[in-house]
Amino acid sequence: MLHNDDPEEMLKIICTVRKHIMTGGPKRLPFTVPSLVFSALRLVRQLQGQDGDVIGGEVPATPKKIFQLLNQTIEALSTVPAPELALRLYLQCAEAASDCDLEPVAYEFFTQAFILYEEEIADSKAQFTAIHLIIGTLQRMNVFGIENRDTLTHKATGYSAKLLKKPDQCRAVYACSHLFWVDDQDGIKDGERVLLCLKRSLRIANAAQQMASATRGSSGPVTLFVEILNKYIYFFEKGNPQITSAAIQGLIELITTEMQSDSTTPDPASDAFFASTLRYIQFQKQKGGVMGEKYESVKV
Amino acid sequence: MVLVLALGDLHIPQRAPDLPAKFKSMLVPGKIQHIICTGNLCIKEVHDYLKTLCPDLHITRGEYDEETRYPETKILTIGQFKLGLCHGHQVIPWGDLDSLTMLQRQLDVDILVTGHTHQFTAYKHEGGVVINPGSATGAYSSITYDVNPSFVLMDIDGVRVVVYVYELIDGEVKVDKIDFKKTTTATHSLTKNT
């Protein structure tokens, strides 16, 4: 493993290793590039802790410079090709750039990640994982201004709704709800957009049920609805004013009706999930205080 | 007394060459009955090494694992406890306790073990326990700064589980323990013994 306490020396080592690695060819790159990337990211973190720039030498040791190197290095994976790996590495760099407060650099890394998603990742399972990694990383970014953030969240939500399988769409869309609610002090808390995501995922779940009914003769399991109910509960408890106890009550009744319907396939896993969700609500009610009051009008 | 080793996020060889020597010397074959691994090994050699420690090995898929056929989640019963295993990159926001307890309800388990954040946590609530064994190698994480290598050993005895966490801090192995007792199987709740 590459290590040197002096950042300048470390950067020189990284640059030298990089030159050698780049000639490795498609068989070796998937193994060499990630190790180099993480060594570089560790160096970035080390530099974050220092004040001021380290000047001197042919290559100044600044996070910005390192990110430029990283961009070029990850790009080499396109010759393998290894789009899924490259996407993951771009996202790692985006997060590191955000921690260094370099908005344009972070945005560029996200752009690269989205381009790979659009153009290179065709397998539906791979897409499902990739979009979740994008959503998960984006959810944690606090470096973006409103415009940039809006563009990226819009892209993420759009792609989520376009996944092939309806259950996948549903899950990705409700995951996007977290893009609009960050629990930090200065974090975004857009209750309306959260609700929009949840409602959209509900529509998709409904569509999935109808499709199952039409094509297989019986509705699928109610798991998706129970998952969405849990998301409603999550934001309800966080204090999103757009999520009302009436909405939660409505979902509970919807699920109960669906489960009792003849045309629904019984499924012990969703039964157990629903039961533990209701147990949870019951427990919150019994807590009393603020939480108990919130749940007062919800009947389980 | 059933010993369960919980570990994950080793990220060998991309982010770490091997487990810390002090951990390796502690993990001896034949002492542990089950191993549950949150994922991100990432290569077969690590899988094979863990198999030599204990043949009953359970692994869930991390987003960097070479083996793409590991399951996304796994449920197993050990003694009186139902355990759930999942890497955790699928649960957004990452590391968020309330979202993890939702997964716990979904899998209907007493103990949920997840990773991804490389940060050891053990959290007890009325629905059960959520444990994150951290990263066994102290691998780089975009989520956690200054990761100390860590793993968890659970001693399951009837309705009681003692969770030992081993952390490598400044070259020394530090151990901490937390006791959990399952009240009745009907109510699915756990209380903390101090």
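Residues numbered from 1 in each chain as written. Chains lettered and ligands numbered in written order. Predicted model: local features only at pLDDT ≥ 70, side-chain atom pairs only at ≥ 80, totals over all residues. Heavy atoms only, no water.

## Topic: the overall build of chain A
If you tally the helices and strands in chain A, you get 13 helices and zero strands. When the helices and strands of chain A are placed in sequence order, the string is α-α-α-α-α-α-α-α-α-α-α-α-α. Projected onto the principal axes, the alpha-carbon positions of chain A cover approximately 70 × 45 × 35 Å. Each of the 300 residues in chain A was classed as buried or not, and the buried ones make up 51%. (Helix = DSSP H or I, 4+ residues; strand = E, 2+ residues; numbered from the N terminus. Buried < 20%, exposed > 50% of the residue type's maximum accessible area, 1.4 Å probe, protein only.)

## Observations regarding the overall build of chain B
Within chain B, the secondary structure is distributed over three helices and 12 strands. For 194 residues, the compact-globule estimate of 2.2 N^0.38 gives 16 Å, and the C-alpha radius of gyration of chain B, at 15 Å, lies within 12% of that figure. Taken along the three principal axes of its C-alpha coordinates, chain B extends 45 × 35 × 30 Å. In chain B, once contacts between residues fewer than 6 apart in sequence are set aside, the share between residues at least 24 apart is 53%. In chain B, which carries 18 positive and 23 negative side-chain charges, the distance between the mean positions of the two groups comes to 5 Å. (Rg over C-alpha atoms; globule rule 2.2 N^0.38 Å. Contact = heavy atoms within 4.5 Å. Lys, Arg positive; Asp, Glu negative; His and termini not counted. Charge placed at Lys NZ, Arg CZ, Asp CG, Glu CD.)

## As for the interface of chain A and chain B
Taken residue by residue, the interface counts 41 residues in chain A and 32 residues in chain B. Viewed at the interface, chain B and chain A are joined by two salt bridges. Residue Lys238(A) is joined to Asp98(B) by a salt bridge in which the shortest nitrogen-to-oxygen separation is 3.2 Å. Counting the contacts that link chain A with chain B gives 14 residue pairs in polar contact (both at pLDDT 80 or more). Within the residue set of the side of chain A that touches chain B, elements represented by two or more residues are helix 2 (29–48), helix 4 (83–99), helix 6 (124–140), helix 8 (166–176), helix 10 (223–238) and helix 12 (268–287) of chain A. Take the side of chain A that touches chain B: its biggest share by element is nine residues, from helix 6 of chain A. Each residue belonging to the side of chain A that touches chain B can be placed in one class, and the counts come to 17 nonpolar, 13 polar and 11 charged. (Salt bridge = Lys/Arg side-chain N within 4 Å of Asp/Glu carboxyl O. Polar contact = N/O pair within 3.5 Å; in protein donor to acceptor, adjacent residues only side chain to side chain. Nonpolar A, V, L, I, M, F, W, Y, C, P; charged D, E, K, R; others polar.)

## Topic: helix 11 (residues 245–260) of chain A
Residues and elements named next belong to chain A. Between its terminal C-alpha atoms helix 11 stretches 23 Å, which fits the 22 Å expected from 16 residues at 1.5 Å a residue. Listed as buried for helix 11 are Ser-245, Ile-248, Gln-249, Leu-251, Ile-252 and Ile-255. Take helix 11 and look down its axis: the buried residues cluster within an arc of 160°, on one side only. Turned more than 90 degrees off the buried face of helix 11, the exposed positions are Ala-246 and Thr-257. (Expected span 1.5 Å × (residues − 1). Arc of directions from axis to C-beta.)

## A closer look at the environment of Trp94(B)
Tracing the chain through its elements places Trp94(B) in the loop between strand 5 (81–86) and helix 3 (97–107). Looking at Trp94(B), the relative accessible area reads 10%, which means it is buried. Taking C-alpha positions, Trp94(B) is 9.5 Å from Gly115(B), a pair spaced 21 residues apart along the chain. Once residues lying within four places of it in the same chain are set aside, the contact partners of Trp94(B) are Glu95(A), His132(A), Leu133(A), Gly136(A), Thr137(A), Arg140(A), Gly88(B), His89(B), His116(B), Thr117(B) and Ile143(B). Engagement of the side chain of Trp94(B) in a polar contact is seen with the backbone oxygen of His89(B), the distance being 2.9 Å.

## Let's talk about the state of the cysteines
As enumerated under the stated definition, the model contains zero disulfides over all chains in all. With no disulfide of its own, Cys100(A) has Cys93(A) as its nearest cysteine by sulfur position, at a separation of 11 Å. This cysteine, Cys54(B), is not joined by any disulfide, and Cys37(B) carries the nearest cysteine sulfur, 12 Å off. (Disulfide = S-S within 2.5 Å.)

## Topic: the UniProt feature "domain: Calcineurin-like phosphoesterase" (unreviewed entry) in chain B
The sites that UniProt annotates as "domain: Calcineurin-like phosphoesterase" (unreviewed entry) are residues 4–157 of chain B. Regarding residues 4–157 of chain B, the helix share stands at 18% and the strand share at 29%, and the terminal C-alpha atoms are separated by 11 Å. (UniProt positions renumbered as here; feature names shortened; annotations may be inferred.)

## Side note on the pairing of strand 2 (residues 34–37) of chain B
Residue and element names in this part refer to chain B. Burial along strand 2 is two-sided: the residues His-34 and Ile-36 and Ile-35 and Cys-37 are all buried. Looking at chain direction, strand 1 (residues 2–7) and strand 2 are connected through four bridges and run parallel. Its bridge partner being in strand 2, Val-4 is matched across the sheet by His-34. As a crossover connection, the stretch from strand 1 through helix 1 (residues 21–26) into strand 2 is right-handed. Bridge analysis of strand 2 against strand 3 (residues 57–59) gives three bridges, and the strand direction is parallel. Residue pairing across strands places Ile-36 opposite His-58, the latter belonging to strand 3. Regarding topology, helix 2 (residues 44–53) serves as the crossover connection from strand 2 to the parallel strand 3, and that connection is right-handed. (Pairing = 2+ DSSP bridges. Right-handed = clockwise from strand over helix to strand, strands pointing away.)

## Overview of the nonpolar core
In this structure, Leu41(A), Phe67(A), Leu77(A), Leu87(A), Phe110(A) and Tyr232(A) are the most contacted members of the largest nonpolar core, which totals 105 residues. With sequence-adjacent residues up to four places away left out, Leu77(A) is seen in contact with Leu29(A), Pro30(A), Val33(A), Ala82(A), Leu85(A), Ala86(A) and Leu89(A). Among the nonpolar cores identified, the runner-up in size contains 25 residues, and Ile12(B), Leu50(B), Leu57(B) and Phe151(B) belong to it. (Core = buried A, V, L, I, M, F, W, Y, C linked by side-chain atoms within 4.5 Å.)

## Digging into helix 8 of chain A
For helix 8 of chain A, the buried fraction is high: eight of the 11 residues fall into the buried class. Restricting attention to buried positions, one finds in helix 8 of chain A the residues Asp168(A), Gln169(A), Cys170(A), Ala172(A), Val173(A), Tyr174(A), Ala175(A) and Cys176(A). For helix 8 of chain A, the secondary structure elements touched by its buried residues are helix 6, helix 7 (146–161), helix 9 (191–216) and helix 10 of chain A together with helix 3 of chain B.

## Remarks on the sheet that holds strand 8 (residues 128–132) of chain B
Residue and element names in this part refer to chain B. Pairing is mixed across the open sheet formed by five strands, whose spatial order is 4-5-6-8-7. Looking at which strands have only one partner, the edges of the open sheet turn out to be strand 4 (73–78) and strand 7 (121–125). Between one strand axis and the next, the sheet turns through 15° on average, direction left out of account. As judged from the five bridges shared by strand 7 and strand 8, these two strands associate in the antiparallel manner. Within strand 8, the residue paired with Thr-121 across the bridge is Asn-132. (Axes fitted to C-alpha atoms, helices over the stretch in contact; angles between N-to-C directions.)

## Focus: the confidence of the model for chain B
Mean pLDDT over chain B stands at 92; residues scoring 70 or higher make up 94%. This prediction of the complex comes with two scores: 0.94 for pTM and 0.92 for ipTM. (pLDDT = per-residue confidence, 0-100.)

## A closer look at the side chain of His34(B)
Relative to the helices and strands, His34(B) is located in strand 2. With relative accessibility at 18%, the residue His34(B) sits in the buried group.

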